[in-house]
Amino acid sequence: MYNKALTKGFTHNHVILNERKMTKIMKQVKKSGPLYLLLIPSIILLICFSYLPMYGLVIAFKDYSPSLGILESQWVGFKHFIQYFNSYQFDITIKNTLAISLYSILVGFPLPIALAILCNQIRVGTFKKVFQVTTYLPHFISTMVMCGMILLFLSPSTGLVANVLGLIGIDMPNLLSNASLFSSVYVWSDVWQHVGWDSIIYLAALSAINPTYYEAATVDGASKLQKIIHIDLPLLLPTAMILLILRAGSLLNVGFEKVLLLQNQLNLTGSEVISTYVYKIGLQNFQYSLSTAIGLFNTVVNIIILLLVNWMSKKLTNTSLI
């Protein structure tokens, strides 16, 4: 009898707590009603364009035929995944994608931090504004225009770089015909275009640092370099780790448009990545099931890498997304 009464009392208290919690939530929702109304269009768009299309992933496990539709197409399981893993393109696309992605992270991740710290050290207001605008502007160049500029600048016969090198008697090599140099062309042009824009978030983090830290360091006789090492970098670490986690989550998502526009038959062995291969298989060769299977494999690997890097960041720096 005592146990039953105790259980009944506990259940009653639990129900009261849940009711209070729901009442509190409803009050908060009612208080922020206009804000939730503003969220509705975004939620609808997210559902329509991000979640509903996920139903189409089922064709990765079927021999999809447009005439039969998704439901009527034959179920084949992991046939298309095995086909991709056994194809000669598997090693090429994985190697090129990882090479370009890791190269981009090694070069493109620390440079915005260095640029933000450099910009933060500039004390002349006018020069600082000119410096910021100059580094930000390339970000607003479209991918199509950027690729056109790269092709014009790196042309071995009429390119700007070729003419400059010709003045000092150096012949310009055809960089875009060399498969081994494609990743360098892609990464360094990408860095030039986006390094200034990527540094904005680090500049915001630096501006939020309490000035008393610098004042105390100055009293202790610290140099500018010591302030950067002992104040700026440690306080930038949480922001940097969050951005690194997000970047690692798209490790296998190399920019499709830029690679495709710079790609040619001479550099194909060094420029064929997963995204361009999916495009060719799916939209040019009409192998919808195979291209969907490759894309799904790419997404699953990205999620695994994201969770792994997030876990490592949480263990090492106590910073994570979740």
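Scroll up for the structure.
Basis of the calculations
Every residue gets a number counted from 1 within its own chain, in the order that chain's sequence is written. Restriction of local features to residues with pLDDT of at least 70 applies here, the model being predicted, together with a cutoff of 80 or more for giving and counting side-chain atom pairs; totals for whole chains, interfaces and linings are based on all residues. Hydrogens and waters are ignored; side-chain quantities use all the structure's heavy atoms. In this text, helices come from DSSP runs of H or I with a minimum length of four residues, and strands from runs of E with a minimum of two, each type numbered from the N-terminal end. The reference for a compact globule is 2.2 Å times residues^0.38; the radius of gyration itself is calculated from the C-alpha atoms. For the exposure calls, accessible area comes from a 1.4 Å probe over protein chains only, and a residue counts as buried if that area is under 20% of its type's maximum, exposed if over 50%, partly exposed in between. Any two residues having at least one pair of non-hydrogen atoms within 4.5 Å are treated as being in contact. Every accessible area reported is derived by Shrake-Rupley at a probe size of 1.4 Å, with residue values counting cover from the shown protein chains alone. His residues and chain termini do not enter the charge count, which takes Lys and Arg as positive and Asp and Glu as negative. Lys charges are placed at NZ, Arg charges at CZ, Asp charges at CG and Glu charges at CD. In this scheme, a helix's expected span is set at 1.5 Å multiplied by one less than its residue total. In what follows, salt bridge is the name for a side-chain nitrogen of Lys or Arg lying within 4 Å of a carboxyl oxygen of Asp or Glu. Lines fitted to C-alpha atoms define the axes here, with helix axes fitted over just the stretch in contact, and angles between the N-to-C directions of these axes take values from 0 to 180 degrees. Angle categories: roughly parallel below 35 degrees, roughly antiparallel above 145, roughly perpendicular from 65 to 115, and oblique for all the rest. What makes a crossing left-handed is the near helix being turned counterclockwise from the far one by less than a right angle; a clockwise turn instead makes it right-handed. Residue type decides the class: Asp, Glu, Lys and Arg count as charged, Ala, Val, Leu, Ile, Met, Phe, Trp, Tyr, Cys and Pro as nonpolar, and the leftover types, Gly among them, as polar.

Engineer: I'd like a rundown of the overall build of the protein chain, residues and numbers included.
Structural biologist: Scanning the protein chain for helices and strands turns up 17 helices and two strands. Rg of the C-alpha trace for the protein chain: 27 Å, well past the compact-globule value of 20 Å for 322 residues, more than 25% over. Projected onto its principal axes, the C-alpha coordinates of the protein chain cover approximately 100 × 75 × 40 Å. Burial statistics for the protein chain: of 322 residues in total, 34% are counted as buried. Within the protein chain, contacts between residues at least 6 apart in sequence are counted, and of these 65% link residues at least 24 apart. Counting every atom, the protein chain has about 20500 Å² of accessible surface; 70% of that belongs to carbon and sulfur. The positive charge centre, built from 21 side chains, and the negative charge centre, built from 12, are 17 Å apart in the protein chain.

Engineer: Summarise helix α5 (residues 88–108); cite the residues concerned and give the values.
Structural biologist: For α5, which comprises 21 residues, the first-to-last C-alpha distance of 30 Å matches the rise-based estimate of 30 Å (1.5 Å per residue) to within 8%. Every buried residue belonging to α5 is among Gln89, Phe90, Thr93, Ile94, Asn96, Thr97, Ile100, Ser101, Ser104, Ile105, Val107 and Gly108, and all of these are buried.

Engineer: Any chance you could break down the pattern of salt bridges for me, citing the residues and the numbers?
Structural biologist: One pass over the full model with this rule turns up three salt bridges. Asp63 is the partner of Lys79 in a salt bridge, and the nearest nitrogen-oxygen pair spans 3.3 Å. Of this pair, Lys79 sits in helix α4 (residues 79–86) while Asp63 sits in strand β1 (residues 62–63), and the two are 16 residues apart along the sequence. By relative accessible area, which is 41% here, Lys79 ends up partly exposed.

Engineer: How would you sum up the packing of helix α13 (residues 224–248) against helix α17 (residues 288–317)? Please name residues and give values.
Structural biologist: Close contact between α13 and α17 brings their axes to 8 Å; oriented N to C, the two are set at 160°. In terms of their interaxial angle, α13 and α17 are classed as roughly antiparallel. Handedness of the crossing formed by α13 with α17: right-handed. On the side of α13, the interface is formed by Leu237, Met241, Ile245 and Ala248, while α17 contributes Ile305, Leu306, Val309, Asn310, Ser313 and Thr317. By residue class, the composition of the contact of α13 with α17 is seven nonpolar, three polar and no charged.

Engineer: Talk me through the packing of helix α6 (residues 110–121) against helix α11 (residues 200–207); I want residue IDs and the actual numbers.
Structural biologist: Packing of α6 against α11 brings their axes to within 8 Å, and their N-to-C directions diverge by 50°. The pairing of α6 with α11 is recorded here as oblique in orientation. Regarding α6 and α11, the two cross each other, and that crossing is right-handed. Here Pro112, Ile113, Ala116, Ile117, Cys119 and Asn120 of α6 lie close against α11, whose contacting residues are Tyr202, Leu203 and Leu206.

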